Amino acid sequence: MLRFAPSPTGDMHIGNLRVAIFNYIVSKQRKEDLVIRIEDTDKDRNIEGKDKEILDILNLFGIDYSVVMYQSENFRFHRAIALQLLHEKKAFNCFCSSDWLDKKRQEAKDSKTAYRYDDACASLPDELVIDNENPFTVRIKKPLEPIIVKDHIKGEIKFEPNDIDSFIIMRQDKTPMYNFACSVDDMLSDISLVIRGEDHVSNTPKQILIREALGYGKNIEYAHLPIILNDDGKKMSKRDDASSVKWLLEEGYLPSAIANYLILIGNKPPKEIFTMQEAIEWFSLDNISKSPARFDLNMLKHINKEHLKMLDAKELSRYVGFADAQIGEVAKIYLEEASTTKELRAKIALIFAQKNIPDEFKEYAQAIVEIIKKAPYFEEYDDFKNYIMQESGFKGKNLFKPLRILLMGSEHGPDIAAVYKHIKNYLGEIVK
Ligand code: GLU
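Residues numbered from 1 in each chain as written. Predicted model: local features only at pLDDT ≥ 70, side-chain atom pairs only at ≥ 80, totals over all residues. Heavy atoms only, no water.

A. Representation of the packing of aromatic side chains in the model. According to the stated counting rule, one finds twelve aromatic pairs in the structure shown. Taking 5.6 Å as the distance between ring centres and 90 degrees as the angle between the ring planes, the aromatic pair formed by Phe352 and Tyr426 counts as edge-to-face. In this pair, Phe352 is assigned in helix 14 (residues 341-352) and Tyr426 in the loop between helix 18 (416-423) and helix 19 (427-430), connecting sequence segments 74 residues apart. For the ring pair Tyr381 and Phe384, a centre distance of 6.2 Å and an interplane angle of 45 degrees mean the geometry is tilted. Pair noted here: Tyr381 and Phe384 are both in helix 16 (residues 381-392), with a separation of three residues, about one helical turn. Assigned by exposure class, Tyr381 and Phe384 land together as buried. Three or more aromatic residues joined by ring pairs make a cluster, and in this case those are Phe322, Phe352 and Tyr426. The residue whose ring lies beneath Arg139 is Tyr117, and the NZ or CZ to ring-centre distance is 3.6 Å. Positioned above the aromatic ring of Phe167 is the side chain of Lys206, whose terminal nitrogen or guanidinium carbon lies 5.1 Å from the ring centre. (Phe/Tyr/Trp six-rings, centres within 6.5 Å; stacked < 30°, edge-to-face > 60°. Helix = DSSP H or I, 4+ residues; strand = E, 2+ residues; numbered from the N terminus. Buried < 20%, exposed > 50% of the residue type's maximum accessible area, 1.4 Å probe, protein only. Lys NZ or Arg CZ within 6 Å of the ring centre and 35° of its normal.)

B. Summary view of the site of the ligand. Lining the immediate surroundings of the ligand are Arg3, Ala5, Pro6, Ser7, Asn16, Glu39, Tyr178, Cys182, Arg196 and His200. Tyr178 is positioned such that a nitrogen or oxygen atom in its side chain is 3.1 Å from an oxygen atom of the ligand. Protein coverage of the free-state accessible area of the ligand, which is 300 Å², stands at 84%. In this structure, the ligand is accommodated by the largest pocket. (Near = heavy atom within 4 Å. Polar contact = N/O pair within 3.5 Å; in protein donor to acceptor, adjacent residues only side chain to side chain. Areas by Shrake-Rupley, 256 points an atom, 1.4 Å probe, with all protein chains shown as cover. 1 Å grid on protein atoms, 1.4 Å probe; cavity = no way out; pocket = protein on both sides within 12 Å on 5 of 7 lines; lining within 4 Å. Sits in = over half its atoms within 2 Å of the grid points.)

C. Examining the packing of helix 13 (residues 325-334) against helix 18 more closely. At a closest axis distance of 8 Å, the pairing of helix 13 and helix 18 adopts a crossing angle of 165 degrees. Taken together, the axes of helix 13 and helix 18 lie roughly antiparallel to each other. Regarding helix 13 and helix 18, the two cross each other, and that crossing is left-handed. When helix 13 is examined against helix 18, the residues Gln326, Glu329, Val330 and Ile333 are found in contact with a partner set consisting of Ala418, Val419, Lys421, His422 and Ile423. (Axes fitted to C-alpha atoms, helices over the stretch in contact; angles between N-to-C directions. Parallel < 35°, antiparallel > 145°, perpendicular 65-115°, else oblique. Left-handed = near helix turned anticlockwise from the far one by under 90°. Contact = heavy atoms within 4.5 Å.)

D. Spotlight on the pairing of strand 4 (residues 91-94). Burial along strand 4 is two-sided: Ala91 and Asn93 and Phe92 and Cys94, pointing in opposite directions, are all buried. Pairing between strand 4 and strand 5 (residues 137-140): four bridges, direction antiparallel. Bridged to Cys94 within strand 5 is Thr137. (Pairing = 2+ DSSP bridges.)

E. Here's a closer look at the pattern of salt bridges. This structure, assessed with the given rule, holds 30 salt bridges. In this structure, the salt-bridge partner of Asp64 is Lys28, at a minimum N-O distance of 3.4 Å. Residue Asp64 is located in the loop between helix 2 (50-60) and strand 3 (67-70), and its partner Lys28 is located in helix 1 (residues 14-30); the two are separated by 36 residues in the primary sequence. Here Asp382 ties to Lys385 by a salt bridge, and the two come within 3.4 Å at their closest N and O atoms. Taken together, the residues span about one helical turn, with Asp382 and Lys385 both in helix 16 at a distance of three residues. By relative accessible area, which is 45% here, Asp382 ends up partly exposed. When salt bridges that share partners are traced, they join Arg3, Arg37, Glu39, Asp185 and Asp186 into one network. (Salt bridge = Lys/Arg side-chain N within 4 Å of Asp/Glu carboxyl O.)

Following this line, the structure appears as structure tokens:
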């Protein structure tokens, strides 16, 4: 079983989508189920509706899964397991107040040493613990031996006992901390491989420690994906619009192209343009680079254009707001100069919009409109154009400039004869 474990705390980041895609691909390759675990244990950070939004995005990208779980539904297990650890003296109640802990943290900062909990409550006598009315957290006892994380991408990473202190697993309000909930849930769901972002690497030894304390024997594999950098070489953050999957979709990037791009970066694919289903054939975590991937919007544009080319005319017409293959054909022609559905929609909208004719051509345009309104149907642009030429007596730019603007809404653009072929049935709507 694999899992994708998003927190419903904000817009889905492309880094998270990349994690979801990789989990999906590997689950298909290994013929194992994929579970979606909504990590909603941090009540203050949860945002209403984000879980639904995440699931909608997964559906849109064709990432199917066997079940959706909410981490908060497992609270009773987290509590029971914490009690078991307390009972076995692998965990202890900690009565240190947050003010006290803040003070200790500040002292460590002032003396430029890394803060570690000093185990003040690790071996309190039972009589001080039982019936103690003060609020307490539960901490797991720190490891005595180094913990080695074997990672598919990063190789072996060794964590010394001193890298990990006796950390909190249950808050005072009896809700689990992230590492505890995550580790226990991975165990309860029988996860075999965890693929997630590298910001979680330092959590991994803690999660292993928890399962070791519980005597869980199964080895869970790990793959931590390098972060994605922006143009300035900094981690893509909320401030980078392109980090939001929602933004990319609104800008007119196709899910298939975004997926293609996210699989491509920092990888060694056998070709540049592919679908997620094709990637299942050859994808390997072993080919993922250890170093961060750099996000390049121009590259994504290029890939998007190639995916738009692969759509048939009817599908493409739907993306630009029509249901007619002929408009899809027009959009295909405009792919010469546009690379997103949003750009295409704007081009097509110009064709149907009220036209802005420069003053010097206004009179010519008016005359041409009247002629077109009465003109018979012409299959070919040349015949249509010759007819207008004859009826109006205009030629050169006095004919072509207004005619192009009337038909296409712009002085520049693709070959008018090619576009005419697909819009000739709409002339009445176009030339109003
Ligand atoms: N909920 C975590 C996140 O969104 C992921 C945790 C994990 O994959 O283990 O970053």
